[in-house]
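Given next are the chains, with one letter for each unit.
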Amino acid sequence: MRVFPGLLILCRVYVIAALVIAGVSAPVVYAVIPWSMLLAYLYLEFRPSPVKDQAHLRLPCILFLTLSLPVFFEPLLGVWFSPLLALPVLPLLDHSLRQFASNYKSGSPPAFATGSSVREGRRPTELCLWLSLSLFTIGLVALALAGWSLLLSVALVSVYLTGLIVLVWRRANPQSLVPSHQSPAPVSAEVISRRVVAGNFIQAPVRLVNRSMLAGHLRLFSPYPWFSVMPSRLVLDKPVIEIEVSLKAPLAGPAPVALAAVFIDPWGLIKNDFTMKILDLFVIPRAKYAEWLARKYLETSRGGSQGVMTAVATSTRRASRRGIEFYGLRAYQPGDSARTIDWKHTSKLHEIIVKEFLDTGAESAVVAVNLSVTGEEEKDKVVSDLITTALTLARENIPSALAAYNHREVVRTTRLLDPRQALIGALSLVREITISLNPRRYLAVPDVGRLKANLSRLRQSRHASANKLAELLQLEYTALLETARQNPATAALNNVLAGVKGKVNVLIVSGRNHDAEALAFNEHALKSRGYRFLL
């Protein structure tokens, strides 16, 4: 039943007029009932309150009016004709049901959205159960008291609700669109495919097709913490509705990504729990992608006398280096000077090749990598960070040294290498990154600089309490210093920096597990000595 605004106005006028007539014609003893109902109805209709609050209060009121009007007019119209007075109230009951359904709370996500084994399918809502129980109870009371007009009114409302349930059951679940062995779903998604590198954030629009012929309500729940959908609550008033999904792809993400969905009919009587496949997700490990980029770079570059030819960049890069010492060869890029063209290799390779020269004043870098990780996700990130760091240094022609360590010892240290050799060394270190630590919850990394500043201020104070606090902070600093000295990260950094002249950039690639405190201490110490420390 589609309720029009004009019809609703007429029905409201009818209810007010009927209650006034019932109050005037009823005996004085019973007249208080219709007048009280009239006041309650006017209060619910015209009070300024949210629709949500009105729906929860108006529905019981309209239901009571539908059943009580025939009782008020039974002395005037008789048992068989008085129930007909409930018919004009049915549009108001229909409207109240729709309002209630639009604010229906489906509660927490369906159990199957959280991994529990619960059968999907259709079932009555709490509202449907409440209406059924109320009508059954009132019908029993009317039968016991021989209230035949009330009993007929209950039968009339029951027939109306039964018709709605049958309509919803048939139209909201078109059996012809799904195989017989599957639970029919009223909504389906046009599945999309996405290929994404692990850890990357993507957003994509998804079209939902309303296979039902009812403007019901749809709630969507994500069973994954890394996957979300907006909006999560929809009114299916169109054949096709578009939503937006967003996700940050995990390393071990599922190939088909599905949402848990709850469909509720326009009257809130039947709900359908089902899963809906949204997209096919193909997650590329960050490590694999970074390794592919590095090997592609090595294949498309050739070493000169200093061992490197930079790859053709896919994005805008700076012009050729203008140092003195010959560094290598690379493909021509817009902006390169014609004086740097190597004509011999250009004629041999049938493409423009330019020379690069080493800028002796350029800064070098030290890459420190922690080879101990706590899980596959962390391993994938560390491998990716290590390769991309070395690849970036190679593309920028920055010499670098490697300092590798695990939770037990220093694994490898090198002198300053040309960028190409440093990239090859980083690729060889990838095989030594292993899952060798149990997942732990480490304390927050201390702020060494702030700790030393607090110590300095407290030592300048003459108060005994300040001196006691300074002693406690000194114990913390001493413990932090001893922990840093014993950690292999400190030894690896010291070994490499001892063989490097001048100030270099220190790049850290680590999962911040066993070496978190040591790195915090070394960061403060190296920055105070003029090194640039990049985490």
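Whatever comes next refers back to the structure up there.
Keep in mind that this is a model prediction, so the values were computed, not measured.

Draft legend 1. Highlighting the overall build of the protein chain. Counting its regular elements, the protein chain contains 15 helices and 19 strands. Of all 535 residues assigned to the protein chain, the portion counted as buried reaches 46%.

Draft legend 2. Molecular detail of the environment of Phe-72. If you trace the backbone, Phe-72 turns up in helix 3 (residues 51–72). Along the primary structure Phe-72 and Ala-18 are separated by 54 residues, whereas in three dimensions their C-alpha atoms are 9.3 Å apart. If near-sequence neighbours (up to four positions away) are discounted, Phe-72 is found in contact with Leu-19, Ala-22, Ile-33, Pro-34 and Met-37.

Draft legend 3. Layout of the sheet that holds strand 19 (residues 532–534). Reading across from one edge, 16-15-13-18-19 is the order of the 5 strands in this open sheet, with mixed pairing throughout. Single-partner strands in this sheet number two, and they are strand 16 (410–413) and strand 19. Neighbouring strand axes in the sheet, compared pairwise and without regard to direction, differ in orientation by 15° on average. Sheet topology note: the strand 13 (residues 365–370)/strand 15 (residues 400–405) ladder contains 6 bridges and is parallel. Paired with Ala-368 across the strands is Ala-403, a residue of strand 15. Sheet strands in contact with helix 11 (residues 419–429) are strand 13, strand 15 and strand 16, and its direction is about 15° off that of strand 15.

Draft legend 4. Broad picture of the packing of aromatic side chains. A complete count under the given rule lists 4 aromatic pairs for this structure. Here the aromatic rings of Tyr-289 and Trp-292 are separated by 6.3 Å at their centres, their planes lie at 20°, and the arrangement is stacked. Of this pair, Tyr-289 and Trp-292 are both found in helix 8 (residues 286–299), 3 residues apart, which corresponds to roughly one turn of the helix. Taking relative accessible area as the criterion, Tyr-289 reaches 38% and is therefore assigned partly exposed. Note on Tyr-477 and Phe-521: the rings are 5.8 Å apart at their centroids and 50° apart in plane angle, and the pair reads as tilted. One end of the pair, Tyr-477, is in helix 13 (residues 464–486); the other, Phe-521, is in helix 15 (residues 516–528), with 44 residues separating them in the sequence. Comparing Tyr-477 with Phe-521, the two get one shared label, buried. Taken together through their ring pairs, the aromatic side chains of Tyr-224, Trp-226 and Phe-227 make up a single cluster.

Draft legend 5. Spotlight on the packing of helix 1 (residues 5–25) against helix 2 (residues 28–46). Where helix 1 meets helix 2, the closest approach of the two axes is 7 Å, and the angle between their N-to-C directions is 155°. One finds that helix 1 runs roughly antiparallel with respect to helix 2. In this structure, the crossing between helix 1 and helix 2 has a hand that is left-handed. Residues Arg-12, Val-15, Ile-16, Leu-19, Val-20, Ala-22, Gly-23 and Val-24 of helix 1 touch helix 2, and the partners they reach there are Ala-31, Pro-34, Trp-35, Met-37, Leu-38, Tyr-41, Leu-42 and Glu-45.

Reading the values: the criteria
- Residues numbered from 1 in each chain as written.
- Predicted model: local features only at pLDDT ≥ 70, side-chain atom pairs only at ≥ 80, totals over all residues.
- Heavy atoms only, no water.
- Helix = DSSP H or I, 4+ residues; strand = E, 2+ residues; numbered from the N terminus.
- Buried < 20%, exposed > 50% of the residue type's maximum accessible area, 1.4 Å probe, protein only.
- Contact = heavy atoms within 4.5 Å.
- Pairing = 2+ DSSP bridges.
- Axes fitted to C-alpha atoms, helices over the stretch in contact; angles between N-to-C directions.
- Phe/Tyr/Trp six-rings, centres within 6.5 Å; stacked < 30°, edge-to-face > 60°.
- Parallel < 35°, antiparallel > 145°, perpendicular 65-115°, else oblique.
- Left-handed = near helix turned anticlockwise from the far one by under 90°.

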